[in-house]
Amino acid sequence: MSTNDGFTLTDNKSGKKVDLPRMIGTVGPDLADIRTLYGSMDIFTYDPGFTSTGSCKSAITYIDGDQGILLHRGYPIEQLAEKSDFLETAYLILYGELPNPEQNKAFRKNVTYHSMLQDQMNYFYRGFRRDAHPMAVICGVVGAMAAFYHDSTNVNDPASREVASFRLIAKMPTIVAWAYKYSQGQPFIYPNNKMSYAENFLHMMFATPCEEYVPSPVLVKAMDRLLILHADHEQNASTSTVRLAGSSGANPFACIAAGIASLWGPAHGSANEAVLQQLREIGSVDRIPEIIARAKDKDDPFRLMGFGHRVYKNYDPRAKIMGQACKEVLKELGKEDEPLLKLAMELERIALSDDYFVSRKLFPNVDFYSGIILQAMGIPTSAFTCLFALARTVGWIAQWNEMHEDKDQKIGRPRQLYVGAPQRDYTPLDKR
Ligand code: ACO
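Residues numbered from 1 in each chain as written. Predicted model: local features only at pLDDT ≥ 70, side-chain atom pairs only at ≥ 80, totals over all residues. Heavy atoms only, no water.

*Asks:* Mind showing me how you'd approach the side chain of glutamate 338 here?
*Replies:* By secondary structure assignment, the location of glutamate 338 is in the loop between helix H14 (317-332) and helix H15 (339-351). This buried residue, glutamate 338, is left without a salt bridge; lysine 335 holds the nearest opposite charge, at 5.8 Å. At a separation of 3.1 Å, a polar atom in the side chain of glutamate 338 contacts the main-chain amide nitrogen of leucine 340. Beyond its immediate stretch of four places on either side in the chain, glutamate 338 contacts Leu330, Ile372 and Gln375. (Helix = DSSP H or I, 4+ residues; strand = E, 2+ residues; numbered from the N terminus. Buried < 20%, exposed > 50% of the residue type's maximum accessible area, 1.4 Å probe, protein only. Lys, Arg positive; Asp, Glu negative; His and termini not counted. Salt bridge = Lys/Arg side-chain N within 4 Å of Asp/Glu carboxyl O. Polar contact = N/O pair within 3.5 Å; in protein donor to acceptor, adjacent residues only side chain to side chain. Contact = heavy atoms within 4.5 Å.)

Quick look at the structure:
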């Protein structure tokens with residue numbers, strides 16, 4: 001992975017030179033290994049936002065942002081979305097290979113077995129206000145899992161880490177659905193282990209003790225596909241947060257709660273909520289030019305939500321699948337004329353023919369169409385990002401596990417360029 005055919009960095013001030021090894025992955029750009037830089041040159045590198053920095057080695061997900069390619073363990077997202085289901089994709093992301101029939105059965109059994117919450121957790125929900133944002137609730141509940149499941153917090157034991165993985169993946173649908181039920185003042189609905197992962201989630205969201213909920217197979221499939229599309233995405237903000245939190249040896253539940261907190265930001269996971277709010281505010285096609293003008297105005301902080309991505313400088317492959325799924329769901333629900341879909345498609349068409357978006361390679365991202373599907377399914381806007389967190393838990397836990405198995409792993413501790421006051425003497429209060 002590391003070769004002699006590397007790089008030489010010269011300090012033009014001191015004339016010192018340092019050789020930096022080249023690191024070569026399976027595909028994608030090479031990296032310069034700068035780990036010895038400070039020791040040999042007494043300098044740090046500066047890269048806020050990690051725009052040119054690889055923070056780890058990973059074998060889970062590969063993105064080619066220029067080509068619009070997303071692979072999980074080598075498999076294209078398009079094939080997984082069409083041929084796999086969420087739990088099989090989860091297994092692939094966690095263990096590196098598609099499961100054989102026995103592994104498939106055992107994994108599903110393990111995840112199913114852990115779907116219920118410790119009964120005491122019912123009371124934990126009741127400490128929240130009913131109008132709390134569900135992201136605040138799930139962040140709190142997931143963090144609190146460390147207080148309920150002490151036996152899966154030993155991060156140095158692979159078996160303990162695996163049980164934590166099962167628990168998190170199995171319980172997230174219950175945690176998210178109960179956050180919704182709590183906000184509605186409705187009784188919690190317990191998981192039904194005879195149902196598929198996606199169907200069980202919809203059941204816990206929409207059934208009541210007196211009313212069964214039987215979703216159409218098209219909706220179950222769409223929910224499952226939506227979960228696959230959000231399962232992992234390399235070293236994004238929330239995944240990096242999980243890794244950084246985990247690098248100190250923090251327990252898995254605390255780390256995933258940290259990931260949920262990071263995902264909540266509108267520049268990341270809650271963009272799907274923001275897209276829908278923005279589409280509602282735009283209201284009609286004739287207001288699009290005004291919105292595009294605002295997005296282009298450098299003096300206006302306004303951004304077109306669901307557009308642009310740090311890595312994709314081409315169409316986000318997940319957005320293409322999501323756009324297609326959106327049409328299928330609306331057809332199934334008899335909502336083909338959904339005004340928000342028409343508005344979104346027209347907004348996309350106009351933006352993609354505008355030089356501002358074309359020259360900056362700003363394309364729709366996964367969040368652009370996901371909100372419309374979720375709204376059509378009856379998921380409230382405030383719960384959109386919770387669904388993202390539910391799916392991404394698989395990626396977070398896989399990345400967290402990979403970090404613990406990595407021999408190069410150290411506590412994450414970036415350095416800085418200090419621009420504050422140099423050392424000075426304390427001035428007593430009466431002299432200030
Ligand atoms: N609307 C208008 N202009 C935009 C947008 C947008 N959505 N996104 C980027 N730009 C412009 C910037 O103003 C900048 O222009 P400049 O070069 O003239 O200064 C240029 O495009 C590059 O933008 P950066 O902010 O440097 O790109 P960065 O990689 O840091 O940001 C981000 C990526 C945060 C996703 C950004 O595109 C954005 O804010 N998009 C809207 C929010 C969104 O949809 N987030 C979801 C991301 S996907 C996910 O997390 C699942």
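*Asks:* How should a nonpolar patch on the surface be read in this particular structure?
*Replies:* A contiguous nonpolar surface patch, about 420 Å² in accessible area, is contributed by Tyr46, Leu417 and Val419. Residue valine 419 is classed as exposed on the basis of its relative accessible area, which comes to 73%. (Patch = residues over 30% accessible without salt bridge, like charges linked within 9 Å, V, L, I, M, F, W, Y side chains within 5 Å. Areas by Shrake-Rupley, 256 points an atom, 1.4 Å probe, with all protein chains shown as cover.)

*Asks:* Help me out: how do you make sense of the site of the ligand in this one?
*Replies:* If you check the shell around the ligand, you find 21 residues, and the closest are Leu304, Gly306, Arg310, Tyr356 and Asn365. Contact distances for the ligand include 3.2 Å between a nitrogen atom and a backbone N or O atom of alanine 267. In the complex, 74% of the free accessible area of the ligand, which totals 920 Å², lies under the protein chains. (Near = heavy atom within 4 Å.)

*Asks:* Quick question: what am I supposed to make of the side chain of arginine 167 here?
*Replies:* When you line up the elements, arginine 167 lands in helix H7 (residues 158-184). Within polar-contact distance, the side chain of arginine 167 engages the side chain of aspartate 151 at 3.0 Å. Every residue in contact with arginine 167, bar those within four places of it in the chain, is listed here: His114, Met145, Tyr149, Asp151 and Ser152.

*Asks:* Quick question: what am I supposed to make of the environment of alanine 106 here?
*Replies:* Residue position: alanine 106 is located in helix H4 (residues 101-113). Taking C-alpha positions, alanine 106 is 40 Å from glycine 49, a pair spaced 57 residues apart along the chain.

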